[in-house]
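# Descriptive analysis of the structure
Residue strings, one per chain:
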Amino acid sequence: MTTTPSGQDLAALKGRTVPVQDILDLFQVRVRDHRTVHRISQALTDAGLTTLPDFAVCGQRSNVDVVPLASIPAQAAPAPADADEDETEEALPSAALPQRLLLGDIPSARRGLVSVGPGTPLAQTTFLMRTNSVSQVPVTTGMAQIHGVVTWGSVAKMYEAGKAPTLENAMEKDSFPLADTRQEFFSALPVIREHGYLLVRGDDGCLSGIVTAADVTDRFEGAARPFFIVGEIESLLRRCLGAALDEETIKAVQTNKKPEHRTGQVSDLMFGDYLRLLDGDQTKTSLAEAADVNWEALKWPNMPREQFLGRLKRVKDIRNRIAHFDEKPLPQELLDELTTFAKLLRAFVA
């Protein structure tokens, strides 16, 4: 459960550069989500503080500067405390990825790896490669001294050169790629593209893992796919609502804007606005009554309204979760929920 530290503890952060994890620990938060981020941001704001860059969009091992809120230009300050709660929670940050992605942020870089010692027979090494479904095995002493790397390509070169099938002859000794967990991830991509893999050392100097081209693909598929599915869902919702509702109806739910800035354009709606347009059980009577009319205007007689809105609320919660960078990929069951809802909307929009 989130706890709020004392004003003295918060004031002690002022002017310091601290890891994001230290801020989370201070609030006894294990995972950043839209609720915990909102509470921490509010507590910092109440203490007259903020972080640069925003702690909500950095990797947990990244450092942030804790600075006075008054030192930040007005346009860069956090959302006001009295903003509508839904809007505060759902607002997508200006940068959904961390400010700096390190090799250590890739799970396989810290997961460990299969290795063999210098005296291991080549047949045993290739057997390990097959049974562990890996294409590279480093030859090490104590995971600290690296003698070389056996790859399927290096084994093929050994046979092409007519050399005896030994571990020594099968190793890549001079050209294997190596980096440490603190290296910037994107600067390592050309090396991974050239070699197909990159050995990674941990902070103790020992091998901590390996990053392959497949790991890069998996990491960014897991990060990007939910954003694209949510984007499709929003696009489909806007097509439905835009075709059925007029500008005044849409302006009525743009309560996060000043009256003169309410455009009445469906393209300017936030995700919570879709629920305000359609949810007949919301607390504000005028919006609830209007939502009944709006639902009828969609002309979806075969769509069970209660179940649809339940799914839409779930999508909103998942969207809030992925709005802030999380080192862990979205669980498959949540990705399946997004995919199922997108398919449902496609059927009704087509």
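So, a few notes on the structure that sits alongside this text. (Residues numbered from 1 in each chain as written. Predicted model: local features only at pLDDT ≥ 70, side-chain atom pairs only at ≥ 80, totals over all residues. Heavy atoms only, no water.)

## Notes on the environment of A342
Residue position: A342 is located in helix α14 (residues 332-349). Along the chain, A342 and I229 lie 113 residues apart, while their C-alpha atoms are 7.0 Å from each other. For A342, the contacting residues outside a window of four places in its chain are I229, E232, I233 and L236. (Helix = DSSP H or I, 4+ residues; strand = E, 2+ residues; numbered from the N terminus. Contact = heavy atoms within 4.5 Å.)

## A word on the packing of helix α5 (residues 122-131) against helix α6 (residues 152-160)
At their nearest, the axes of α5 and α6 sit 12 Å apart, and the two run at 145° to each other. You can see that α5 and α6 cross each other, and the crossing is left-handed. Only W152, V155 and M158 of α6 make contact with α5, whose side of the interface consists of L122, T126, M129 and R130. When the residues that make up the contact of α5 with α6 are grouped by side-chain class, the tally is five nonpolar, one polar and one charged. (Axes fitted to C-alpha atoms, helices over the stretch in contact; angles between N-to-C directions. Left-handed = near helix turned anticlockwise from the far one by under 90°. Nonpolar A, V, L, I, M, F, W, Y, C, P; charged D, E, K, R; others polar.)

## Comments concerning the pattern of salt bridges
Considering all chains together, one arrives at eleven salt bridges under this definition. For R319, the salt bridge identified is with E234, shortest N-O distance 3.2 Å. Linking R319 in helix α13 (residues 305-323) with E234 in helix α9 (residues 213-244), this pair joins segments that are 85 residues apart in sequence. For E248, the salt bridge identified is with K251, shortest N-O distance 3.6 Å. (Salt bridge = Lys/Arg side-chain N within 4 Å of Asp/Glu carboxyl O.)

## Things to note about the sheet that holds strand β1 (residues 17-19)
Two pairing modes exist for strands in a sheet, parallel and antiparallel, and in both the strands are linked by backbone hydrogen bonds. Strand order in the open sheet formed by three strands is β1-β3-β2, with antiparallel pairing between adjacent strands. Two strands close off the open sheet at either side, each with one partner strand: β1 and β2 (49-52). Here the strands of the sheet are splayed against their neighbours by 40° on average, with no regard to which way each runs. (Pairing = 2+ DSSP bridges.)

## Brief notes about α14
With 18 residues, α14 extends 26 Å from end C-alpha to end C-alpha; this agrees with the ideal 26 Å at 1.5 Å per step. Turning to α14, its buried residues number three or more, namely L334, L335, L338, T339, F341, A342 and L345. All buried residues of α14 lie within an arc of 165° about the axis, which places them on one face of the element. In α14, the exposed positions angled more than 90 degrees off the buried face are occupied by E333, K343 and A347. (Expected span 1.5 Å × (residues − 1). Buried < 20%, exposed > 50% of the residue type's maximum accessible area, 1.4 Å probe, protein only. Arc of directions from axis to C-beta.)

## Here's the deal with α6
Buried within α6 we find S154, V155 and M158. All buried residues of α6 project into a common sector of 105° when viewed along the axis, lining one side. Residues K157, Y159 and E160 are exposed on α6 and point more than 90 degrees away from its buried face. Packing partners of the buried residues in α6 comprise α5, β5 (145-151), α7 (167-170) and β6 (171-172). G162 sits one or two residues past α6 and shows a positive phi near 75°.

## Some remarks on the sheet that holds β5
One open sheet accounts for three strands, arranged β4-β5-β6; its pairing is antiparallel. At either margin of the open sheet sits one strand with a lone partner, and together these are β4 (136-141) and β6. Taken together, the six bridges between β4 and β5 define a ladder with antiparallel strand orientation. In the strand pairing of β5, V139 is matched with G148. Packing of α6 onto the sheet brings it into contact with β5 and β6, and relative to β5 it is tilted by some 75°.

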